[in-house]
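# Coordinates in review
Take a look at the letters that make up each chain.
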Amino acid sequence: MTHPMFRPRRLREKQLLRKMVRETALAVDDLVYPLFAVHGRGVREPIPSMPGQFRLAIDELVKEAKDAAGMGIPAVLLFGLPAEKDPRGSEAYADDGIVQQAVRAVKDRVPDLLVVTDVCLCQYTSHGHCGIVEDGAVRNDPTLELLARVAVSHAEAGADMVAPSDMMDGRVGAIREALDEASYTDTPIMAYSAKYASSFYGPFRDAAGSAPQFGDRRSYQLDPANALEAMREIALDIDEGADIVMVKPALPYLDIISRAKAEFGLPLAAYSVSGEYAMIRAAGRLGWLDEERAMLEALTAIRRAGADLVITYFAKDAARLMERGTAR
Ligand code: PBG
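A brief look at the structure comes next. (Residues numbered from 1 in each chain as written. Predicted model: local features only at pLDDT ≥ 70, side-chain atom pairs only at ≥ 80, totals over all residues. Heavy atoms only, no water.)

### Some details on helix α7 (residues 228–240)
- An ideal rise of 1.5 Å per residue puts 18 Å on 13 residues; α7 measures up with 19 Å between its terminal C-alpha atoms.
- Among the residues of α7, A230, M231, E233, I234 and D237 are the ones counted as buried. An end-on view of α7 places all buried positions within 160° of arc, on one side of the element. Exposed residues lying more than 90 degrees from the buried face of α7 are L228, R232 and D239.
- Looking at the buried side of α7, the elements it contacts are α5 (171–181), β9 (190–195), β10 (244–248) and α8 (254–263). (Helix = DSSP H or I, 4+ residues; strand = E, 2+ residues; numbered from the N terminus. Expected span 1.5 Å × (residues − 1). Buried < 20%, exposed > 50% of the residue type's maximum accessible area, 1.4 Å probe, protein only. Arc of directions from axis to C-beta. Contact = heavy atoms within 4.5 Å.)

So, in structure tokens, the structure goes:
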């Protein structure tokens, strides 16, 4: 045996020392909690493929937002389910659209909570695609104008930040320009920059009724096999004026998170998507793993990879555990 011998276990023996040398801290300040708004009153409809998550009428959504704020969660990310869908997704940019109403209600009743809005058309279009469809194809440039209208309508309703998730080319620039023209120069854009064409969005599409009615999203979302392309997408979004860039999903793409953090100086968000949530919940419910520990481990790993913000359906559960001090 060589002497002196380096024994890494010396630092692992005692809980207090482990805590002192821990490299990554998970904090409630880093979490964003996604919520689904529906029309109606008093609606709190469970989402079958996302146990613990609900489609919420605005009165219920406000309660949920208040609850989250009370736990120290700084931000919610709002999605909406419209009353009616049409080919141009009109409710997405209507003054009295479901998200616009939800933003107003939350800003009014829970003013200290940051309200971020998802800017996209897929929940609102009858064909379920994120852009305008012509001759069976998703058209890029005609979509930009609509996305810009969505973003401005959210800002008008009082959104603190807008988050385009459509993956059309040039949309960050178009949205920035439209916001500036409407005097929302101070409204930041969190761009879903490296958004992959992922099967892990399955439960979300159930929740939001946003599955494409024909084809898939591979003509606009990234190929899961590509990393360099993700870096190009992020660079473009930064160039066009993104304030925060995002990688999505999170767990299967930790390498992309890590690379993006190393290559770009901007705050980086990671979206731990519905399928990641569903997997951990399901295995937990079956007793196949310890759900609380798996959740905290996954969130910590996403932070360790380089994400500054983590968007997660586990936000409240994680906040609760951190408060109890179980999160070690
Ligand atoms: C809308 C959008 C999607 C998600 C966030 N915004 C669905 C999609 O692109 O199909 C997925 C979120 C999740 O799975 O949790 N474009």
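Structure's up, so let's keep going.
### Thoughts on the pairing of strand β8 (residues 161–164)
- Of the two faces of β8, the one holding M161 and A163 and the one holding V162 and P164 are both buried throughout.
- In this sheet, β8 lies alongside strand β5 (residues 114–119) in parallel orientation, the contact comprising four bridges. When the sheet's bridge partners are listed, V119 is paired in β8 with P164. (Pairing = 2+ DSSP bridges.)

### Some words on the nonpolar core
- Among the nonpolar cores identified, the biggest contains 114 residues, and F36, L77, M190, I256, I257 and Y271 are the most heavily contacted of them.
- Examining the composition of this core, we find that nine residues originate from one element, helix α4 (residues 141–157), more than from any other.
- When near neighbours in sequence (up to four residues on either side) are disregarded, I256 contacts A194, Y196, N226, A227, A230, M231 and V247. (Core = buried A, V, L, I, M, F, W, Y, C linked by side-chain atoms within 4.5 Å.)

### Description of the pattern of salt bridges
- All chains considered together, the criterion is met by 20 salt bridges.
- Between E45 and R55 there is a salt bridge; the shortest N-O distance is 2.9 Å. Of the two residues, E45 sits in strand β2 (residues 44–46) while R55 sits in strand β3 (residues 54–57), which places them 10 residues apart along the sequence.
- In this structure R55 comes out as buried when scored by relative accessible area, which is 12%.
- Three or more residues joined by partner-sharing salt bridges are found here, namely R44, E60, K63, E64, D67 and K316. (Salt bridge = Lys/Arg side-chain N within 4 Å of Asp/Glu carboxyl O.)

### Digging into the site of the ligand
- In the vicinity of the ligand lie 19 residues, with K195, R205, K248, S274 and Y313 positioned nearest.
- Contact distances for the ligand include 2.9 Å between an oxygen atom and a side-chain N or O atom of R217.
- With respect to the ligand, the side chain of S274 contributes an N or O atom lying 2.7 Å from an oxygen atom.
- Bound to the protein, the ligand loses 100% of the 400 Å² it would expose on its own.
- Across the shell around the ligand, the residue classes break down as 10 nonpolar, four polar and five charged. (Near = heavy atom within 4 Å. Polar contact = N/O pair within 3.5 Å; in protein donor to acceptor, adjacent residues only side chain to side chain. Areas by Shrake-Rupley, 256 points an atom, 1.4 Å probe, with all protein chains shown as cover. Nonpolar A, V, L, I, M, F, W, Y, C, P; charged D, E, K, R; others polar.)

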